[in-house]
Amino acid sequence: MPRLIIEGGHPLRGETEALGAKNAVLPIMAAAILCSGDVLLERVPDISDVRVMAGILTELGVEVEFLGGGRLRLNADRLANTRAPYELVRRMNASFDVAGPLLARFGECEVALPGGCNLGQRRVNLHLDAFRALGAEVHREHGMVKAQATRLRGTSIYFPKVSVGATKNATMAASLAEGETVLENAACEPEIVDLARFLQACGARVEGAGTPRIRVEGVRELRGASHAVTSDRIVTGTILCMTALSGGEVTVRNSPPEHLEAVLGELRKAGQEVRVQGNDVTLSARRPVRSLEVTTAPFPGFPTDLHPPLVALLVLGDGVSMLHETIFDGRFMYVGELVRLGANIRVSDHTAVINGVRFLAGAPVEASDIRAGGALIAAALAAEGETSIGGLEFIDRGYENVHTRLASLGARIRRVE
Ligand code: UD1
């Protein structure tokens, strides 16, 4: 299996360009199912989750063409199949994004339940409640969700819990429903705003994305459009944490700071120097790293996906830090690996208690999910000696060519196959 080999102690320096966001491009690819004609996407990151979504869409009969340079063409005019089987869906929770579009455009869908992943149980009850509220008949059978409706009907939906996935699916489904749908307590993530922008470009009438109240006036049909995917705030945040750990200075260009306010705020509180100029964000590492208490929350709170990279930084804190995880129970699997590098962390309930240490020492470690991988790379950049990181199948899901990008910033990193 391939591994990343990192020799720590070399500060990251220079500039790097933000990439398109994984959590935006996946639902937008699924939303192509809603459209007649070609959809053209730009700034599509070269990550394995995009290839998995491309595989699911191809299986459904969508034409998928990678045009090079981060451009992708999709066309669902000859969609032949509304069934997304387990073998494809189980590889990625975001596969469930195809359910709302299939149901809205073709009146039916049969999509495998995502089940669980290393982060914990991945529930879809809120997605299914939204489909039912829109008038679909929904049932579960043999691990599959089957939903049917001749035409969805607009309605009012209150989400008892903020869910990014359910907000996306409901917005996509409502865009072809008859009449108006109002979503209350919707997720406000920038990736939802990007999905809404794409839908608007296709002719959908969506208002309020980015606020807890989204209004969708259903239309008869959507036509394909061109769209450049928004920047990946999670990758940017991870690079900033890596820079802080490495003791360097990096500018990430084209990464809207308003998507990162909670993150930049915590990095500043941790004693790091953060400067913003337009859409460019620069972090200059400072010592000591100050200890923090942070709680993850839906946007605009501190994102669960940046919890592991931030903890990697707090490992070098000047006292005791605490990280309370409120979104995913299983998010702490990476902690044992950081401990192998010399960290002093205890997990109790949903909280990591981090006692700062003076230095880390390289060791072999394994990534258990995408962001665990980001945290381990960050820690390895600060560790004395060599760290070898396995589990690249997770890292490749969310970070495009991470070794070449970090090498261009001065890291001593190579990938061995
Ligand atoms: C979540 C994160 C998102 C992150 C992504 C990474 C939040 C709010 N969401 O989005 O920021 O980028 O993971 O994979 O931070 N839930 C239910 N029933 C449902 C759906 C969700 O109980 O039908 C629960 C989940 O178990 C979780 C919470 O709601 O505890 C948020 O889930 P959701 O936002 O839907 O997850 P993702 O869309 O995967």
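Here's a quick rundown of the structure.

Rules of the game
- Residues numbered from 1 in each chain as written.
- Predicted model: local features only at pLDDT ≥ 70, side-chain atom pairs only at ≥ 80, totals over all residues.
- Heavy atoms only, no water.
- Helix = DSSP H or I, 4+ residues; strand = E, 2+ residues; numbered from the N terminus.
- Rg over C-alpha atoms; globule rule 2.2 N^0.38 Å.
- Buried < 20%, exposed > 50% of the residue type's maximum accessible area, 1.4 Å probe, protein only.
- Lys, Arg positive; Asp, Glu negative; His and termini not counted.
- Charge placed at Lys NZ, Arg CZ, Asp CG, Glu CD.
- Pairing = 2+ DSSP bridges.
- Near = heavy atom within 4 Å.
- Polar contact = N/O pair within 3.5 Å; in protein donor to acceptor, adjacent residues only side chain to side chain.
- Areas by Shrake-Rupley, 256 points an atom, 1.4 Å probe, with all protein chains shown as cover.
- Contact = heavy atoms within 4.5 Å.
- Expected span 1.5 Å × (residues − 1).
- Core = buried A, V, L, I, M, F, W, Y, C linked by side-chain atoms within 4.5 Å.
- Salt bridge = Lys/Arg side-chain N within 4 Å of Asp/Glu carboxyl O.
- Axes fitted to C-alpha atoms, helices over the stretch in contact; angles between N-to-C directions.

Here we come to the overall build of the protein chain. The number of helices and strands found in the protein chain is 14 helices and 28 strands. Taking 417 residues into account, the globule formula puts the C-alpha radius of gyration at 22 Å, and the protein chain, at 21 Å, falls close to it. Projecting the C-alpha coordinates of the protein chain onto the three principal axes gives extents of approximately 65 × 45 × 40 Å. Every one of the 417 residues in the protein chain was classed for burial, and the buried ones make up 58%. Mean positive and mean negative side-chain charge positions of the protein chain (45 and 49 charges, respectively) differ by 1 Å.

On to the pairing of strand β19 (residues 249-253), then. In terms of strand pairing, strand β2 (residues 13-17) meets β19 through 5 bridges, oriented parallel. Counted as the bridge partner of glycine 14 is valine 250 from β19. Judged from the 4 bridges that link them, β19 and strand β21 (residues 280-284) form a sheet pairing that is antiparallel. Among the inter-strand pairings, valine 252 is bridged to a residue of β21, identified as valine 281.

Taken together, 19 residues sit near the ligand, with Arg122, Asn125, Ser163, Val164 and Ile327 positioned nearest. Side-chain polar atom of aspartate 305 to an oxygen atom of the ligand: 2.7 Å apart, as the coordinates give it. Take isoleucine 327: an N or O atom from its main chain is 2.7 Å from an oxygen atom of the ligand. Across the complex, the protein chains shield 88% of the 720 Å² of accessible surface that the ligand would expose by itself. Broken down by element, the residue count for the shell around the ligand peaks at 3 residues, all from helix α5 (residues 125-133).

This part is about the side chain of serine 388. Mapping serine 388 onto the fold places it in strand β27 (residues 386-390). A distance of 2.6 Å separates the side chain of serine 388 from the side chain of arginine 3, its partner in a polar contact. Not counting the four nearest positions on each side in its chain, serine 388 is found in contact with Arg3, Leu4, Ile5, Ala363, Pro364 and Val365.

All right, on to helix α8 (residues 233-246) then. Between its terminal C-alpha atoms α8 stretches 20 Å, which fits the 20 Å expected from 14 residues at 1.5 Å a residue. Most of α8 sits out of view: 14 of its 14 residues are buried. At the N-terminal boundary of α8, the capping side chain belongs to aspartate 232, with an oxygen 3.0 Å from the backbone nitrogen of isoleucine 234.

The next subject is the nonpolar core. Core analysis: the largest hydrophobic core is formed by 81 residues, its most contacted members being Met29, Leu41, Val98 and Leu199. When neighbours within four sequence positions are excluded, methionine 29 is seen to be in contact with Leu41, Val50, Met53, Ala54, Leu57, Leu72 and Leu74. In terms of nonpolar packing, the next biggest core, distinct from the first, is built from 68 residues, Val289, Leu306, Ala343 and Ala379 among them.

Another aspect to go through is the environment of aspartate 369. The topology assignment puts aspartate 369 in the loop between β26 (364-366) and α12 (370-382). Overall, the relative accessible area of 6% leaves aspartate 369 in the buried class. Between the C-alpha atom of aspartate 369 and that of leucine 88, which follows or precedes it by 281 residues, the distance is 18 Å. Residue contacts for aspartate 369: discarding those within four places in its chain leaves Leu119, Arg331 and Phe394. A distance of 2.9 Å separates a polar atom in the side chain of aspartate 369 from the backbone nitrogen of arginine 371.

Our focus in this paragraph is the pattern of salt bridges. According to the stated counting rule, one finds 29 salt bridges in the structure shown. Between glutamate 417 and arginine 415 there is a salt bridge, and its shortest N-O distance comes to 2.8 Å. Under the relative-accessibility criterion, glutamate 417 is labelled exposed at 73%. A cluster of three or more residues bridged by salt bridges with shared partners is formed by Asp38, Glu63, Glu65, Arg73 and Arg78.

Spatially, 4 strands are ordered β26-β27-β1-β28 in an open sheet, and the strand pairing comes out mixed. Unpaired on one side and paired on the other, β26 and β28 (412-416) mark the two borders of the sheet. Ignoring which end each strand starts from, the neighbouring axes of this sheet average 20° apart. Sheet topology note: the strand β1 (residues 3-7)/β27 ladder contains 4 bridges and is antiparallel. Each residue of the ladder has a partner; that of glutamate 7, found in β27, is glutamate 386.

This brings us to helix α10 (residues 307-314). By the criterion of burial, α10 is predominantly enclosed, with 8 of the 8 residues buried. For α10, every residue scored as buried is listed here: His307, Pro308, Pro309, Leu310, Val311, Ala312, Leu313 and Leu314.

With that settled, consider the sheet that holds β21. In spatial order, the strands read β2-β19-β21-β20; together these 4 strands make up an open sheet with mixed pairing. A strand with exactly one partner marks an edge of an open sheet, and here the two such strands are β2 and β20 (273-277). Across the sheet, the axes of successive neighbouring strands diverge by a mean angle of 15°, strand direction being ignored. Running at roughly 145° to β20, helix α9 (residues 261-269) makes contact with β20 and β21 of the sheet.

With that settled, the discussion passes to the side chain of arginine 371. On the secondary structure map, arginine 371 appears in helix α12. Residue contacts for arginine 371: discarding those within four places in its chain leaves Lys22, Ile234, Asp305, Pro308, Pro309, Arg331, Gly398 and Tyr399.

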